[in-house]
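Chains, contacts and geometry: an overview
Below, each chain spelled out in residue letters.
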Amino acid sequence: MVAHAAARAFVVAIGEDRVTGLAQALHDRIPSRGAGSVVVVLDGTEAVIGAGFLSQVRRLAAGDDRLHIVLLGRLAPPDDNLQQPGSSQHSAVGWHELAFTAAETAALCANRGLDLPTAVSRHLFAVTGGWAAGLVVGAAALSGAPHEPERVLKQVLHTGAGLSEYILQDVLGRQPAELRQAVRDSCVVESVRAGLFDALTGRADGAAVLAGLARNNMFATRLDPTSPWFRYHRLWRSALYTALVEDDPAHARRLHGAASEWYAEHGQPAEALRHALAGADRLSAVAVATRHGEEIREASPQVAVIAAAPRPWASLSADAPLAHAFAVHRGGDATAPSRSSAPRHRRAMTGAAGSGSLQSAAASPAIHPDGIPLVDPIQTAAVPIWQALRHGDFVQAQAALTSFTPATGGQPLHRTTALRLRAVIARMAGRLDSAVRHAQDLGRTVCAHGRVGAHDDGWARLVLAEVAVQRGGHDAAVQHLDTLAVQLWQSVPALVAAQRLQAALLLQQQHRYADALEQVEQLILDRDEALLVPRWAARVLRVELLIATGRVLDAERRWRLDAGYVSTPAAAITEAKLAIALRPQDRIDGLLRPVLHEPRTSLFHQIELRLLLAHQSHTTGATRQAVDLLQQAVALADRQQIQHPFHANRRLLASTFHQLGTAVFAEPVGAVPGRTAPAGAAARRSQDLLSRGEVSVLRQLASYRTIGEIAVELHLSRNTVKTHVASIYRKLAVHSRRDAVRAARTIGILAADDLPPDARHYH
């Protein structure tokens with residue numbers, strides 16, 4: 001089991017007699033230096049009896065600080081010495097803490113000889129949620145049909161990979177039979193709370209049962225730490241639901257009917273309608289659609305991505321009221337044209353329930369003339385706002401949003417729709433703190449209603465990911481994007497496209513330009529880039545990446561075709577970058593200064609404008625003006641802790657950063673290697689960048705010392721050292737210890753005599 005991308009891990013089925021000799025076996029497989037930590041997962045610890053077991057584990061972990069021992073078992077024996085100073089590094093964890101990441105899923109497939117495209121491996125991760133058993137089954141299925149990945153992944157999710165017996169017997173095996181049946185009955189809903197659980201199962205102890213399942217890391221997890229709602233692992237739920245429908249379809253329909261009644265009584269008509277349709281209850285479906293049709297259309301639809309999604313009935317064409325109910329459920333007009341022009345691969349991958357998918361041919365979403373799917377997470381009343389955002393005009397979008405507030409006499413938007421739009425507008429403008437606040441409010445609102453995989457939830461998660469990307473928080477961005485993939489599994493094309501773009505931006509930040517370009521080219525080839533916000537983002541990024549990879553003439557050719565799609569500030573900046581790459585002697589201030597103070601220029605573009613103008617000033621010998629512009633860029637970036645414009649322009653503006661960087665960048669966004677140490681006030685500002693503790697750790701990073709060795713040397717805990725390292729990387733805008741040391745020497749934080757004797761390779 002791979003526990004973390006930066007660590008190797010081994011799963012060992014143990015008994016008390018198996019611990020002896022394990023250390024030597026592991027050390028035979030671990031390189032002597034530079035391997036990072038190795039996670040040893042000891043599975044089955046609940047079966048180990050005897051006081052000597054934990055003492056042996058402690059000795060094993062203490063033998064080498066590269067080993068991190070994980071006890072996998074819900075009933076692991078207590079360790080009285082766990083919190084004492086000097087105790088070994090081991091802990092008990094649940095399945096979700098050992099889940100594979102998307103990157104580890106790709107590595108697993110590669111190790112099994114599966115040469116999968118990036119999109120397919122991410123789909124596999126999204127279907128399984130990184131659950132090891134599901135990954136193994138899914139990978140095996142893909143191996144058997146390598147040329148039909150879409151069909152295989154649909155089938156895996158639709159059937160739950162045939163793991164229902166494993167879940168009932170092994171995962172829930174210790175529970176009484178009646179509780180196992182109750183869990184199976186409640187799987188007809190995507191999220192559950194105590195009252196709904198009781199309504200579905202006939203029990204009266206739903207709160208205690210759900211809390212117990214969550215507490216023991218077995219089946220349910222809360223939507224957030226304070227939410228009364230719980231969700232089941234998607235693949236587990238799929239497996240149980242499929243078995244339920246196959247074993248007793250009449251009982252499954254009754255359960256959907258009970259869910260429909262509960263949702264109707266508790267003010268959630270959209271869910272009431274969905275379950276009435278899934279339970280083949282025509283009368284209830286028609287009644288809900290007739291009574292609450294407009295309300296359902298206004299609310300963000302929940303994305304039903306497994307077998308509970310209702311399929312149009314054979315009698316639909318002859319039953320107008322029922323056809324209307326299905327149209328209301330889809331969020332569009334029954335007479336609207338289908339999306340026949342959608343790319344074939346996206347039609348095949350959208351939805352995951354096979355015959356139960358909301359995105360079947362009979363349920364194709366309506367299309368606005370501007371290309372906006374009406375089933376997309378923006379209700380019809382907000383289409384003008386969404387159009388402005390698609391074009392990158394956040395000022396017009398904000399004005400249109402304001403016009404819908406009750407104070408101006410306009411029709412108020414649904415609360416979640418308004419929050420979603422505010423979050424997207426703030427992110428586009430560069431008001432990242434506001435974007436985070438709106439996204440978090442939106443997430444809390446969605447959780448309060450028990451929605452799993454709702455459009456609103458997806459947009460909240462996407463905004464948080466985009467903010468993390470702009471702030472250089474690679475790990476946080478990956479976590480948000482992975483969570484988004486699992487919760488929404490390819491159900492909202494606009495969010496899938498946004499995921500792909502953010503992944504390319506992360507590659508750009510890591511200077512993996514060729515990989516990023518490949519992803520962007522595929523995004524455009526698939527025609528998914530038209531779903532982005534703004535819709536021209538992929539084409540601008542393609543030009544940047546072509547320049548970074550030395551294909552400047554290709555960049556110019558592409559730009560001639562794409563320039564008409566791009567907003568004025570972004571177009572001016574892209575033109576200037578091409579001019580710098582093609583004709584460095586050309587003046588670019590005529591392109592840039594007219595948009596420098598334009599209201600529709602986002603904070604990101606304001607920063608880039610100043611970076612490019614500083615570059616021109618530097619190349620023409622106006623050093624004082626160049627320094628002033630760079631200082632302005634850093635000050636603007638510091639308002640919202642923005643780092644991406646500096647990463648994105650690092651190669652293009654290397655000479656300017658090399659010559660002027662240390663005279664300006666006393667903050668993390670501007671730490672750029674390649675300049676001799678500054679003197680005087682600039683050096684003092686650079687020294688202030690890191691705390692004393694961080695500087696001490698930085699000196700140790702210059703050697704080959706491990707985290708554990710640094711902790712011992714400085715008399716710190718390993719966690720404290722890791723915290724310092726993360727802060728150093730963030731403040732210096734780097735991703736490795738080598739780059740951190742070089743950047744620190746460049747801006748004067750470290751001098752040659754500060755480095756340990758074994759750190760000469762950084763000179």
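Residues numbered from 1 in each chain as written. Predicted model: local features only at pLDDT ≥ 70, side-chain atom pairs only at ≥ 80, totals over all residues. Heavy atoms only, no water.

Across its full length, the protein carries 37 helices and seven strands. Taken over 763 residues, the protein has a buried fraction of 55%. Sequence separation of at least 24 residues holds for 67% of the intrachain contacts in the protein that already meet a minimum separation of 6. By element, 51% of the accessible surface of the protein is carried by carbon and sulfur atoms, the whole surface being about 31900 Å². (Helix = DSSP H or I, 4+ residues; strand = E, 2+ residues; numbered from the N terminus. Buried < 20%, exposed > 50% of the residue type's maximum accessible area, 1.4 Å probe, protein only. Contact = heavy atoms within 4.5 Å. Areas by Shrake-Rupley, 256 points an atom, 1.4 Å probe, with all protein chains shown as cover.)

Any two side chains of opposite charge can pair, given that their charged atoms come close. Throughout the structure, instances matching the rule amount to 26 salt bridges. Across the pair Arg274 and Glu190 runs a salt bridge, and its minimum N-O distance is 3.6 Å. Of this pair, Arg274 sits in helix 13 (residues 269–278) while Glu190 sits in the loop between helix 8 (177–186) and strand 5 (191–192), and the two are 84 residues apart along the sequence. For Arg274, a relative accessible area of 1% translates into the label buried. The partner of Asp526 in a salt bridge is Arg500, and the shortest N-O contact between them spans 2.9 Å. On the criterion of sequence distance, the pair formed by Asp526 in the loop between helix 24 (513–525) and helix 25 (537–548) and Arg500 in helix 23 (residues 493–509) is long-range, its members being 26 residues apart. Like Arg500, Asp526 is buried. (Salt bridge = Lys/Arg side-chain N within 4 Å of Asp/Glu carboxyl O.)

Along its 15 residues, helix 36 (residues 718–732) runs 21 Å from first to last C-alpha, staying within 8% of the 21 Å computed at 1.5 Å per residue. Taken together, the buried residues of helix 36 touch helix 34 (692–701), helix 35 (707–714) and helix 37 (737–746). (Expected span 1.5 Å × (residues − 1).)

A few words on the confidence of the model for the protein. Confidence in the prediction of the protein, expressed as mean pLDDT, is 77, and 72% of residues score 70 or more. Confidence scores differ between elements of the protein, with helix 16 (residues 344–349) showing the lowest mean pLDDT of 34 and helix 9 (residues 194–201) the highest of 96. Predicted confidence for residues 82–88 stays below pLDDT 50, and this span has six contacts to residues more than four positions away or in other chains. With pLDDT under 50 throughout, residues 407–411 is counted as low confidence; its partners more than four residues away or in other chains account for six contacts. (pLDDT = per-residue confidence, 0-100.)

Our focus in this paragraph is unusual backbone geometry. Note that the residue after Val533, namely Pro534, is joined by a cis bond; omega there is 0 degrees. Tracing the sequence through the fold places Pro534 in the loop between helix 24 and helix 25. For Ala161, which is not a glycine, the phi torsion comes out positive at approximately 60 degrees. Structurally, Ala161 is set in the loop between helix 6 (149–159) and helix 7 (164–171).

Okay, the sheet that holds strand 6 (residues 220–222) next. What holds strands together in a sheet is hydrogen bonding between their backbones, with the strands either parallel or antiparallel. A sheet is described by the order of its strands in space; here three strands give the open sequence 5-7-6, paired in antiparallel fashion. At either margin of the open sheet sits one strand with a lone partner, and together these are strand 5 and strand 6. Relative to strand 7 (residues 230–232), strand 5 runs antiparallel, the two sharing two bridges. Bridge assignment links Ser191 to a residue of strand 7, and that residue is Arg231. (Pairing = 2+ DSSP bridges.)

This part is about empty space enclosed by the protein. Summed over the entire model, instances satisfying the criterion amount to six cavities of 30 Å³ or more. Put simply, the largest cavity is a space of about 680 Å³. Arg427, Gln470, Trp536, Ala537 and His605 are, among the 39 residues lining the largest cavity, the residues nearest its centre. If you list the elements that add at least two residues to the lining of the largest cavity, you get helix 19 (415–429), helix 21 (455–470), helix 23, helix 25, helix 27 (568–582), helix 29 (603–619) and helix 31 (644–648). Sorting elements by how many residues they give to the lining of the largest cavity places helix 23 first, with six residues. Looking at the lining of the largest cavity residue by residue, the class counts come to 24 nonpolar, nine polar and six charged. (1 Å grid on protein atoms, 1.4 Å probe; cavity = no way out; pocket = protein on both sides within 12 Å on 5 of 7 lines; lining within 4 Å. Points joined across faces, edges and corners; volume = space filled by probe spheres on them. Nonpolar A, V, L, I, M, F, W, Y, C, P; charged D, E, K, R; others polar.)

Okay, the packing of aromatic side chains next. Each pair of aromatic rings is reported with the distance of its centres and the angle of its planes. The tally for this structure, following the rule as stated, stands at four aromatic pairs. For the pair Trp131 and Trp236, a centre-to-centre distance of 5.1 Å together with 75 degrees between the ring planes defines the contact as edge-to-face. With Trp131 in the loop between helix 4 (118–128) and helix 5 (132–144) and Trp236 in helix 11 (residues 234–247), the pair connects residues that are 105 residues apart, well separated along the chain. The exposure class assigned to Trp131 is buried, which follows from its relative accessible area of 7%. Using a relative accessible area of 2% as the deciding quantity, one classes Trp236 as buried. Ring geometry for Trp229 versus Trp262: centroids 5.9 Å apart, planes at 85 degrees, classification edge-to-face. Here Trp262 lies in helix 12 (residues 249–265) and Trp229 lies in the loop between strand 6 and strand 7, a separation of 33 residues in the sequence. Since its relative accessible area comes to 1%, Trp229 is described here as buried. Judged by relative accessible area, Trp262 falls into the buried class, the value being 9%. Ring pairing ties together the aromatic residues Trp229, Trp262 and Tyr263, which thus form one cluster. Of note, Arg539 hangs over the ring of Tyr565, and the distance from its end group to the ring centre comes to 5.5 Å. (Phe/Tyr/Trp six-rings, centres within 6.5 Å; stacked < 30°, edge-to-face > 60°. Lys NZ or Arg CZ within 6 Å of the ring centre and 35° of its normal.)

This brings us to the side chain of Ser191. Residue position: Ser191 is located in strand 5. The contacts of Ser191, once residues within four sequence positions are left out, are Leu196, Trp229, Phe230, Arg231, Tyr263, Gly450, Arg451 and Val452.

Moving on, we come to the nonpolar core. As a rule of thumb, soluble globular proteins bury nonpolar side chains together. Ile385, Leu389 and Ile607 are the most contacted members of the largest nonpolar core, which has 102 residues in total. Residue contacts for Ile607: discarding those within four places in its chain leaves Ala633, Leu636, Ala637, Ile642, Pro645 and Phe646. Among the nonpolar cores identified, the runner-up in size contains 75 residues, and Trp131, Leu142, Leu235 and Val288 belong to it. (Core = buried A, V, L, I, M, F, W, Y, C linked by side-chain atoms within 4.5 Å.)

Following both chains from N to C, one finds helix 4 and helix 22 (residues 474–488) inclined at 70 degrees, their axes separated by 7 Å at the closest point. Between helix 4 and helix 22, the angle falls in the class roughly perpendicular. Seen from above, helix 4 lies across helix 22 with right-handed handedness. Touching Arg122, Phe125 and Ala126 of helix 4 are Leu481, Asp482, Ala485 and Val486, all from helix 22. Each residue belonging to the contact of helix 4 with helix 22 can be placed in one class, and the counts come to five nonpolar, no polar and two charged. (Axes fitted to C-alpha atoms, helices over the stretch in contact; angles between N-to-C directions. Parallel < 35°, antiparallel > 145°, perpendicular 65-115°, else oblique. Left-handed = near helix turned anticlockwise from the far one by under 90°.)

This part is about the side chain of Glu608. Looking at the element boundaries, Glu608 is found in helix 29. Residue class for Glu608 comes out buried when judged on its relative accessible area of 9%. Non-local contacts of Glu608, meaning those with residues more than four positions away in its chain, are made with Glu544, Ile573, Lys577, Pro645 and Asn649.

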